[in-house]
Amino acid sequence: MSAPRIGVLALQGDTREHLAALREAGASAATVRRLDELQAVDALVIPGGESTTMSHLLREFELLEPLRARLAEGMPAYGSCAGMILLASEILDAGADGRQAVPLKGIDMTVRRNAFGRQVDSFEGDIAFEGLDSPVHAVFIRAPWVERVGPDVEVLAEAAGHIVAVRQAKMLATAFHPEMTGDRRIHKLFVDML
Ligand code: GLN
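Definitions and cut-offs
Residues numbered from 1 in each chain as written. Predicted model: local features only at pLDDT ≥ 70, side-chain atom pairs only at ≥ 80, totals over all residues. Heavy atoms only, no water. Near = heavy atom within 4 Å. Polar contact = N/O pair within 3.5 Å; in protein donor to acceptor, adjacent residues only side chain to side chain. Areas by Shrake-Rupley, 256 points an atom, 1.4 Å probe, with all protein chains shown as cover. Nonpolar A, V, L, I, M, F, W, Y, C, P; charged D, E, K, R; others polar. Helix = DSSP H or I, 4+ residues; strand = E, 2+ residues; numbered from the N terminus. Buried < 20%, exposed > 50% of the residue type's maximum accessible area, 1.4 Å probe, protein only. Phe/Tyr/Trp six-rings, centres within 6.5 Å; stacked < 30°, edge-to-face > 60°.

**Structural notes on the site of the ligand**
Part 1 of the argument: Neighbouring the ligand are Gly-48, Gly-49, Glu-50, Ser-51, Cys-81, Ala-82, Ile-85, Arg-113, Asn-114, Ile-141, Arg-142 and His-177.
Part 2 of the argument: At a separation of 2.9 Å, an oxygen atom of the ligand approaches a polar backbone atom of Gly-49.
Part 3 of the argument: Between Ser-51 and the ligand, the recorded distance is 2.5 Å, taken from a backbone N or O atom to an oxygen atom.
Part 4 of the argument: In isolation the ligand offers 300 Å² of accessible surface; the protein chains occlude 95% of this area.
Part 5 of the argument: Looking at the shell around the ligand residue by residue, the classes come out as 4 nonpolar, 5 polar and 3 charged.

Written out as structure tokens, the structure reads:
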């Protein structure tokens, strides 16, 4: 079987870093901006960036409902930070009226946007990650946390007492940005899930 083609949603955010990380993890990766590109991939990464802007652009590019449909059919997906927010089934503090982040409902979880607060907008730390034998250096930038997970969701990591990485079937989400460090273990984990 040929290697699965992984798309990286490229409407906004740190697309390039994910493309590089996926390739280093041994996958074939391409950007997704249009419907035909979405339909051509076997799995999708939703990068970090700004979930409200990405939601707006998903609508503008007429990708919102097709993407929801592919996730509902079980297309594997990985979201980091803003991508985690979008993969949620429910978003708290979703943003100003008319410009809100929209849940794509891939993972049965409630996520709070910008959860760690202004004082600690961005921080880094080494955290334990389920299934990895040494800690991951996690970079958090205006990161969300997970406030509720459904019964089928596996918690993979916590930071400061909050859930920051989860998995449900072939969907993975992290509140932090592994694409910004040289550590490819989390991208590898996603590639191995396919
Ligand atoms: N705060 C951003 C949002 O709401 C996420 C930040 C990030 O992806 N680094 O989408």
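The discussion continues.
**A closer look at the environment of Gly-106**
Part 1 of the argument: Inspection of the secondary structure puts Gly-106 in the loop between strand 5 (88-92) and strand 6 (107-112).
Part 2 of the argument: On the basis of relative accessible area, Gly-106 is assigned to the buried category, the value being 17%.

**A look at the packing of aromatic side chains**
Part 1 of the argument: Inspection of the entire model under this criterion finds 7 aromatic pairs.
Part 2 of the argument: For the pair Phe-116 and Phe-123, a centre-to-centre distance of 5.1 Å together with 70 degrees between the ring planes defines the contact as edge-to-face.
Part 3 of the argument: Relative accessible area serves as the criterion here: at 11%, Phe-116 is assigned to the buried category.
Part 4 of the argument: In this structure Phe-123 comes out as partly exposed when scored by relative accessible area, which is 25%.
Part 5 of the argument: Here the aromatic cluster, defined as three or more aromatic residues joined through ring pairs, consists of Phe-116, Phe-123, Phe-129, Phe-140, Trp-145 and Phe-176.

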